[in-house]
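Summary of the model geometry
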Amino acid sequence: MKKVIKLTVNGMEKELLVDVHSTLLDVLREDLGLKGTKKGCNQGECGACTVLIDGNPVPSCSLLAVKADGKDVLTIEGVAEAGKLHAIQEVFNEKGAIQCGFCTPGMILVTKKLLDDNPNPDEQEIKEAIAGNICRCTGYAQIIEAIMALAGRKQVR
Amino acid sequence: MRLNEFDYYDPATLEEAVELLNQKANGAIIAGGSDLLVALKQKLQTPNYLLSLDKIPSLKKVKFTENKLTLGSMVTLDDIIKSSLIQEKLPALKQAAWEVASPLLRYQATIGGNLCLNTRCRFYNQTSFWRSTRGPCFKTGGKSCHVTGTEERCYAAFCADIPPVLIAYGARINLAGMQGARTISLADFYNGEGRFPNVIAAGSGEILTGIEIPFPQTGVKSVYRKFRLRDSIDYPLVGAAVALKLDAQNKIEMITLSCTGTASGPVNIKSINEVLRGAVLKPEAIWDAAAAAAVELHPLKTSLVSPRYKRDISRVVIAEAIATAGGVTL
Ligand SMILES: Cc1cc2nc3c(=O)[nH]c(=O)nc-3n(C[C@H](O)[C@H](O)[C@H](O)COP(=O)(O)OP(=O)(O)OC[C@H]3O[C@@H](n4cnc5c(N)ncnc54)[C@H](O)[C@@H]3O)c2cc1C
Ligand code: SF4
Ligand code: FES
Ligand code: FES
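In this text the structure is predicted, and so the values were computed from the model without any measurement.

1. So, the site of ligand 2
Neighbouring residues of ligand 2: B:C121, B:F123, B:Y124, B:C137, B:F138, B:K139, B:C145, B:H146, B:V147, B:C154, B:Y155 and B:A156. Mapping ligand 2 onto the cavity grids shows that it belongs to the largest cavity.

Next comes the structure, spelled out in structure tokens:
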């Protein structure tokens, strides 16, 4: 069974004919070619597939594309503006919060939501915000450090 | 792990939804889908169609009256966490919702989906390939249970975080079916069966529409305490919900205790009231009562830890929940 859905993806309106059994992740990667959104566990555990839906971070592997009908989707491709990296991306680069990069799109989108809601999170709030995003490389230290730097806080260790 | 093909319907009224569910065979209700999608990918369920509740506005309502809160089944866990009135009136509900899955999943996960959560087992929640190496167990249509080795029943563990809290609060739920609407106590929704753990899973053809939670009397303290292997994101090995009230002499006037993670449904430990009523809450009394309560739990090896470990941990989790509610340091 197929259905027509409307999505706003990174500010552009799209009308798509999708299989009702496709996840949003598959539609983003395969139909729209937006491969910045990663497929890790494909079952809601790792956060590699995170996108912002109406501003909220959601694992796109756990959401049927038809359920996103009418929604606003932001993927990592839409974070940089006019060819210039977003401040979060810059700081992640500087602080070495990126190693293999597989978790990075999700981490950046979750950070964006966190800082949009609360520009000055403390370390505990940062840890809670990234609890659904697994990183196998950095040990989280540099990621937390990067977000602390963005929040203008000194890390206590 | 791709999804099998299925049809998808998202009717705009409850009446249409109930009718569809009862007319078309082999459908599955999808709320947030956070749990259902994993089950579909693992081919634990192979429905012909999904019935989505997304477009039924009445299921998203939150209503506070003087003495109770009524939540539509499609209210998300994130909404629950962000409600200051819930924090004030029903703090253990907020705590339990906050402990479910991860922040990402809580934007889509609903309270109805949490109450209707299927039971879990280390032989069940696996890919179809993994399961094929051993052959089906009783829950997946085989003859016997791989945990007990023989029996023709399933002991998979009920691991939802929110039900024990709502049972401790004395919540009731609204169900809609072909015979109309009815309201039952949440405790009666569960049957303790591992295979089809609740009224709806057992085939009543109903939809969970709402949850009514009475506000506790003044002075009642409620707490949810959860223990899991991975703190960032994991189902509970054990969860304990406690509601208690102390009298003017600091003695226990009433106490309720409900546990999750240790049996095929939430376990309400009624004896705790006999054991502790009239007692002054001291660490020793709490540890004794928790030990007595833990004996009533009979976990089996459905997760990666041994039943003995689970019982030991239950004792600690229960003691901590009672102590926190009573304002005692253990
Ligand atoms: C990685 C991961 C970690 C998780 N950790 C936890 C955890 O720690 N604690 C916990 O409790 N849960 C956990 N979950 C399970 C799940 O995310 C939550 O229980 C969530 O609240 C389920 O809600 P949902 O709306 O997504 O349900 P869905 O997935 O849509 O549905 C779940 C089940 O309930 C049925 N159902 C849903 N709504 C209704 C209704 N209104 N009427 C009748 N039947 C209905 C569905 O048919 C399905 O069988 C986890 C899931 C994942 C993927
Ligand atoms: S408890 Fe037994 S029957 Fe139930 S899922 Fe586990 S192995 Fe299967
Ligand atoms: S790929 Fe979606 S959470 Fe892991
Ligand atoms: S940088 Fe490799 S997983 Fe995070």
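This is not the end of the story, as more comes after the structure.
2. Quick word on the environment of A:L64
By the secondary structure assignment, A:L64 is in the loop between β4 (56–59) and β5 (72–74). Among the residues examined, A:L64 registers a relative accessible area of 0% and is labelled buried. A C-alpha to C-alpha distance of 12 Å links A:L64 and A:K2, two positions 62 residues apart in sequence. Beyond its immediate stretch of four places on either side in the chain, A:L64 contacts A:V20, A:H21, A:S22, A:T23, A:L24, B:L3, B:F6, B:Y8, B:I30, B:L37 and B:L50.

3. Observations concerning the site of ligand 1
Around ligand 1 sit 35 residues, and of these B:I29, B:G33, B:S34, B:T110 and B:D161 come closest. Ligand 1 sits at a junction of chains, with neighbouring residues supplied by chains A and B. Between B:I29 and ligand 1, the recorded distance is 2.6 Å, taken from a backbone N or O atom to an oxygen atom. Summarising the interface, the protein chains cover 95% of the accessible area of ligand 1, which totals 980 Å² for the free molecule. Mapped onto the shell around ligand 1, the elements with two or more residues apiece are β2 (27–30), α7 (111–115) and β8 (207–214) of chain B. At three residues, the largest contribution of residues to the shell around ligand 1 is made by α7(B).

4. Examining helix α5 (residues 141–150) of chain A
Among all positions in α5(A), only A:I143, A:I144, A:A146, A:I147 and A:M148 are buried. Positive backbone phi, at 70°, marks A:G152, one or two positions downstream of α5(A).

5. Some words on the domain arrangement of chain B
Residue and element names in this part refer to chain B. Once the domains are mapped, chain B shows domain 1 (57–116 + 157–214) and domain 2 (220–326). Centre-to-centre, using C-alpha coordinates, domain 1 lies 21 Å away from domain 2. The interface of domain 1 with domain 2 comprises 25 residues on the first partner and 24 residues on the second. Buried surface at the junction of domain 1 and domain 2, summed over both partners, amounts to about 1800 Å²; 60% is from carbon and sulfur atoms. For the domain 1 face of the interface with domain 2, the top three residues by lost area are E99, F158 and P164, together amounting to 27%.

The rules we used
- Residues numbered from 1 in each chain as written.
- Chains lettered and ligands numbered in written order.
- Predicted model: local features only at pLDDT ≥ 70, side-chain atom pairs only at ≥ 80, totals over all residues.
- Heavy atoms only, no water.
- Near = heavy atom within 4 Å.
- 1 Å grid on protein atoms, 1.4 Å probe; cavity = no way out; pocket = protein on both sides within 12 Å on 5 of 7 lines; lining within 4 Å.
- Sits in = over half its atoms within 2 Å of the grid points.
- Helix = DSSP H or I, 4+ residues; strand = E, 2+ residues; numbered from the N terminus.
- Buried < 20%, exposed > 50% of the residue type's maximum accessible area, 1.4 Å probe, protein only.
- Contact = heavy atoms within 4.5 Å.
- Polar contact = N/O pair within 3.5 Å; in protein donor to acceptor, adjacent residues only side chain to side chain.
- Areas by Shrake-Rupley, 256 points an atom, 1.4 Å probe, with all protein chains shown as cover.
- Domains from an automatic or database assignment.
- Buried area = accessible area lost by both parts, 1.4 Å probe.

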